Amino acid sequence: MLRATLRSFFAHKGRLLLSMLAILLSVAFVSGSLIFSDTVSRTFDRLFASTSADVTIAPKEDVGESLPTGVVRTVPASLAERVGALDGVAGTHVDAAVENITVVDDRNEPVGPTSGAPTIATNWYVTDRSPVKLTSGRAPRGPGEALLDRNTADKAKLGIGDTLTLLAQPGSFRVEIVGIATFRTTNPGAALVFLDTPTAQTKVLGRPGEATSISVDAADGVSDDTLKQRVAAELGDAYDLKTADEQAESDAAQLGGFLDVIKWVMLGFAGIAVLVGIFLIVNTFSMLIAQRTRELGLLRALGADRRQVRRSVLTEAVLLGLVGSTLGLAAGVGLAAGLIGLMSAFGMNLSAAEMVVGPATPVSAYAVGLGVTFLAAYLPARRAARVSPMAALVDAEVQGVGRPLKVRAVTGSLMAAAGAAALAGCAVSDRTATASMLLGLGVVLTLIATIVAGPLLVRPVIRVLGGAFPKVFGSVGRMSQRNALRNPRRTGATAAALMVGLALVGGLSIASASMTESFDNQIDKTLGADFVVQNSNFMPFPQEITEKVKAVESAGTVVRQRFAPLALTLPDGKRVESTASGYDPKLDEAANITYASGSTATALAADSIAMDVAYATEHRVRIGSVLPAEFPGGRKARLTVGALTDMNQTGGPGMEGALFMGLATVEKYLPGGQDAAVFVNAADSSATDELRTGLEAALDPYPQVQVRDQADYKELIRQQIAVMLYLVYALLGLAIVIAVLGVVNTLALSVVERTREIGLLRAIGLSRVQLRRMIRLESVVIAVFGALLGLALGMVWGVAVQQVLALEGLTAFAVPWGTVIAVVVGSVVVGLAAAVLPALRASRMNVLAAIAHE
């Protein structure tokens, strides 16, 4: 049986090729994502381990520490001298580093990464653990001098003697590049500007005598843990103390979020490839077993029992998975190398020579490849084991129709009912968490139900889709329609591969269109200002930008917005960490706010706060409620609820409850903060164009800020949502590639299966052109069937997703009909493309040889 199995495998290796490609793609994305994330993690682990001080003294994390408030937490620089006197301390260094400042050159072009990595201004000092070394020029010695890292200098074509402008919180200032520093290990993609310590403290931090952290070096023979204990004994628990290992672990954890995004996106591609590949493999083995009915019957007649036949088919599947997994693992290495090269193009200089292939990678690769093929081949293998020895004496196929379809009908109906109930529960739920959970359950159940019951829909749907074929294409059209109806299970599985991707794109396209429409409505409804001046990445900006805006001649009302992280204790006992917005008193001239109770005046009064009425009702808050609040730095307050808004929203991420207050209240508890936005109205309502021109001219030296009106905001929202859609379309593209492989494989095996039939048709007058047309029409009707199933399922999902979004204030519903039409047209193209090779092969058959084929 083993010899027979091996001979059968190699005899059909051409027919198994496309299935192997599906396995290869699945394994490649799994192994590539693991190799890439392991390589980046190992690279940064080495960087953090080699640059972390023996002990780092940093400010304790506080409420809203990670929020974009413009407030930089510091420690007294005098701690360096105090700690330096301790036994076991070899030296201390003051660190004054600020991220996400803006640096521009003489042409007013931004100098720094565009990939999301930070631009960091920090003080210069040299230790054995410095991430960079001075390779040309000299160290900065005064307020007008700076060093620049080599990667940034090369990219911006800057050198010694060039000048830069740094736009920091205290204000902008110019420096001359007096030296170039080169990274000792990996450049994480950041741009580094080094200043002397007093300049960094005064002009970047804006706080002479302060530091962002203190680095402490241990003397010989003193361990990091011992040194940490001595420092803790001296300073108490007022500061956050970390050893080198703890600091490296903390830095790696912060990077982990970025790596997880990349890894999970790639694993999402792998999941789609695995799911779609399963249909392809099931179809392949089902058709091969159908074609080998007489062969399997002969094996049974010669003495092979059911277990041996089943084991034979599964062995072929394992061999297929083994080859596909091996090739997929190699392709995964190439994919990881490509990603490393891509990241280098974005400024993260990783080395492919240091690629990490951990033991988990090959284990995962072979587990996926072998697992998928084994599971996909199990049902066809069981079907093969039921072949009777008498099948060797007749021209029979294992059709697998009848009772199994009845079982599918019952199973599919039950799962569809459960899925529909979950989606209905999602639609009526009033809690986002519950609705999201029901949505996920409903999506999974309805997807499985559609896959299971798909063959039941083949006959009624394809009779309608192909109903015009006989009239338009005559007997060729009638035969193509009947070929698609011949085996509903096979047609359903082939179409399901395409359905999965199109259901995903249909659902998320509706969700994105609804989000866009909702945001457009909210912008039209709430934004009353002519223009908004805001940082391109929504971070706060220096006060001098606000002053420039106020100085524009055609500017009338100017309303500032500032973020204030805080923690509120609500009447129901819940403690909420959120971010409130602070506004100037003339807010009504910049925004259109609907109040359920109170007014703008009461909302912006001293020590008052406003929130969304639905959120307030949920937590038993009412007008006049006094809420204990805590701001960063331990400042405490008691805020009175002065107004409740009715804007159909609860706030964005980190802004739970849509909280806002007067800017005077924010200044009282968070002095020295930065503005996050400035709302500007023209002095004369007819001078908006003049105002825009004046604002853009005044802000030209500040490329980090932008002037936006309503139309600009809408376009910005569309661009952000488009990023999500690009990912969905990429997943769709992968699903289509594998689905095309599935249609090609099904048609190719179908051609082999119908060799005698094709020969007879050719013998009675069917031309090669007609034969190719027949196969193309069969392919198109299968592809359109899959597309319609996917779109129908996707629309149901899209409606459910919109119901979840409505709980967050995004109440509009929109269907992107252009996308729907494009998908249907695209499915026709997919069907035509998939049929090219099978149709060509069928038309080239020798008629006599085909008739004599068994």
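Look up a bit, the structure's there.
Computed from a predicted structure; not experimentally measured. (Residues numbered from 1 in each chain as written. Predicted model: local features only at pLDDT ≥ 70, side-chain atom pairs only at ≥ 80, totals over all residues. Heavy atoms only, no water.)

Considering the environment of Leu 566
And then number 1: Mapped onto the fold, Leu 566 is located in strand 16 (residues 555–569).
And then number 2: Judged by its relative accessible area of 1%, Leu 566 is buried.
And then number 3: Counting along the chain gives 240 residues from Leu 566 to Thr 326, while the straight-line C-alpha distance between them is 54 Å. (Helix = DSSP H or I, 4+ residues; strand = E, 2+ residues; numbered from the N terminus. Buried < 20%, exposed > 50% of the residue type's maximum accessible area, 1.4 Å probe, protein only.)

A short note on the packing of helix 23 (residues 768–806) against helix 24 (residues 817–834)
And then number 1: Between helix 23 and helix 24, the least distance of the axes is 7 Å, while the angle of their chain directions is 150 degrees. Considered as vectors, helix 23 and helix 24 are oriented roughly antiparallel to each other. For helix 23 against helix 24, the interelement crossing comes out right-handed. On helix 24, the residues touching Arg 776, Ser 779, Val 780, Ala 783, Val 784, Ala 787, Leu 788, Leu 791 and Met 795 of helix 23 are Trp 817, Val 820, Val 823, Val 824, Ser 827, Val 828, Gly 831, Leu 832 and Ala 834.
And then number 2: In the contact of helix 23 with helix 24, the residues fall into 14 nonpolar, three polar and one charged. (Axes fitted to C-alpha atoms, helices over the stretch in contact; angles between N-to-C directions. Parallel < 35°, antiparallel > 145°, perpendicular 65-115°, else oblique. Left-handed = near helix turned anticlockwise from the far one by under 90°. Contact = heavy atoms within 4.5 Å. Nonpolar A, V, L, I, M, F, W, Y, C, P; charged D, E, K, R; others polar.)

Quick look at a nonpolar patch on the surface
And then number 1: A surface patch of nonpolar side chains, about 470 Å² in accessible area, is lined by Val 318, Phe 374, Leu 375, Tyr 378 and Leu 379.
And then number 2: With four residues, the top contributor of residues to the nonpolar patch is helix 10 (residues 360–385).
And then number 3: Along the chain, Val 318 turns up in helix 9 (residues 306–345). (Patch = residues over 30% accessible without salt bridge, like charges linked within 9 Å, V, L, I, M, F, W, Y side chains within 5 Å. Areas by Shrake-Rupley, 256 points an atom, 1.4 Å probe, with all protein chains shown as cover. Salt bridge = Lys/Arg side-chain N within 4 Å of Asp/Glu carboxyl O.)

What to know about helix 25 (residues 836–843)
And then number 1: Listing the buried residues of helix 25 in full gives Pro 838, Ala 839, Ala 842 and Ser 843. All buried residues of helix 25 project into a common sector of 130 degrees when viewed along the axis, lining one side. (Arc of directions from axis to C-beta.)

Concerning the pattern of salt bridges
And then number 1: The tally for this structure, following the rule as stated, stands at 22 salt bridges.
And then number 2: Across the pair Arg 82 and Glu 234 runs a salt bridge, and its minimum N-O distance is 2.9 Å. Here Arg 82 is found in helix 3 (residues 79–84), whereas its partner Glu 234 is found in helix 6 (residues 224–235), with 152 residues between them in sequence.
And then number 3: Residue classification places Arg 82 among the partly exposed positions, given a relative accessible area of 41%.
And then number 4: With a shortest N-O distance of 2.8 Å, Asp 520 and Arg 718 are connected by a salt bridge. Of this pair, Asp 520 sits in helix 15 (residues 488–526) while Arg 718 is found in helix 21 (residues 710–753), placing the two residues 198 residues apart along the sequence.
And then number 5: The class for Asp 520 is buried, based on a relative accessible area of 9%.
And then number 6: Look at the salt bridges and you will find they share partners, linking Arg 692, Glu 696, Asp 709 and Asp 712 into a network.

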